[in-house]
Amino acid sequence: MAVAAAVAIAVIVTSVSPPAAAPVSGRDVLLMAATSAEHIPQGTGTYWHITRTFQGPNGPQMQESWTTRDGHRWSRNDPYAAPGAVVEDSAPFRLMGAEIGFEELEGLPADPEELKERIAGLPRHDSAMMPADRQGALVSPLITLITELPTPAQVRSAAFEALAATPGVKNAGPVEGGQELLIPLSESLGVRMVVDPEAARVARANILLTAEGGAALSHSYISVTTEWTDELPR
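This one's a predicted model, so the numbers in the text were calculated from it and none came from an experiment.

Asker: Requested: an account of the side chain of Ser-75, with residues and values cited.
Answerer: With respect to the secondary-structure elements, Ser-75 resides in strand β3 (residues 73-76). A distance of 3.3 Å separates a polar atom in the side chain of Ser-75 from a polar atom in the side chain of Asp-89. Among residues more than four places away in sequence, those in contact with Ser-75 are Glu-64, Ser-65, Trp-66, Ala-85, Val-86, Val-87 and Asp-89.

Here's what the structure looks like:
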């Protein structure tokens, strides 16, 4: 009888379902990305290569740029050049409207609050910026540091952490490429972006970063990939 009772108890115990895992919050996704970013180096190379892919009026479109550490730049599919042509491009990197080079990026603070203070103090083009950023949200410049600029690992980590502190950030759930996050900018507008927290990468977002250093919301997702490369633009 004792053996039978033990078997019965074992059956009862193993039939209990484990508690469902709690959903990961938007804040936690960004904090996980911040932790990952600390340990992911940029790599090395001669050119900082940016590729933007987005849905144009006639189908998918792509823009590319290659920038050397001394600021020499080329671009492909520039709006003012022939389709597919690689041309010299004098446009500098910008953040909040201010020109920013490799040395300035490497000198940015690795503390989230100090980083926001430094960004807020940069010269800026208010007419090119979203109202929320003009009022101090700083969502678009933080996304710029994460997605397009050759930002050092510790600063990228701080930018993810600063974004995590944005009020109202939500996780809409898993999608292809990561977790879809919603960052409110007003009652009716917000940034949607897909974040891969393990790769510390924004796979795509509905935010268009402008040549003036500002930003605008897009009706569709824009995918941005970056890398250091030794391959010449062609």
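After that view of the structure, there is still more to cover.
Asker: Can you explain the packing of helix α2 (residues 26-37) against helix α7 (residues 153-164)? Please cite residues and give values.
Answerer: Running from N to C, α2 and α7 point in directions that differ by 170°, and their axes come no closer than 8 Å. In terms of their interaxial angle, α2 and α7 are classed as roughly antiparallel. Residues Arg-27, Leu-30, Leu-31, Ala-33, Ala-34 and Ala-37 of α2 form the contact with α7, whose own contacting residues are Ala-153, Arg-156, Ser-157, Phe-160, Glu-161, Leu-163 and Ala-164. Looking at the contact of α2 with α7, its residues break down into 9 nonpolar, 1 polar and 3 charged.

Asker: Could you give me a rundown of the pairing of strand β11 (residues 215-229), with the residues and numbers involved?
Answerer: Within a regular beta strand, the side chains point alternately toward one face of the sheet and then the other, so they alternate between its two faces. Judged from the 8 bridges that link them, strand β1 (residues 47-56) and β11 form a sheet pairing that is antiparallel. For Thr-51, the partnering residue across the bridge sits in β11 and is Thr-225. Taken together, the 4 bridges between strand β10 (residues 201-209) and β11 define a ladder with antiparallel strand orientation. Paired with Leu-209 across the two strands is Ala-215, which belongs to β11.

Asker: I'd love a proper account of the pattern of salt bridges, names of residues and values included.
Answerer: For the structure shown, the criterion picks out 5 salt bridges. Between Arg-73 and Asp-89 there is a salt bridge; the shortest N-O distance is 4.0 Å. Taken as a pair, Arg-73 in strand β3 and Asp-89 in the loop between β4 (86-88) and β5 (94-95) lie far apart in primary sequence, 16 residues in all. On the accessibility criterion, Asp-89 (16% relative accessible area) is buried.

Reading guide: rules and limits
Residues numbered from 1 in each chain as written. Predicted model: local features only at pLDDT ≥ 70, side-chain atom pairs only at ≥ 80, totals over all residues. Heavy atoms only, no water. Helix = DSSP H or I, 4+ residues; strand = E, 2+ residues; numbered from the N terminus. Polar contact = N/O pair within 3.5 Å; in protein donor to acceptor, adjacent residues only side chain to side chain. Contact = heavy atoms within 4.5 Å. Axes fitted to C-alpha atoms, helices over the stretch in contact; angles between N-to-C directions. Parallel < 35°, antiparallel > 145°, perpendicular 65-115°, else oblique. Nonpolar A, V, L, I, M, F, W, Y, C, P; charged D, E, K, R; others polar. Pairing = 2+ DSSP bridges. Salt bridge = Lys/Arg side-chain N within 4 Å of Asp/Glu carboxyl O. Buried < 20%, exposed > 50% of the residue type's maximum accessible area, 1.4 Å probe, protein only.

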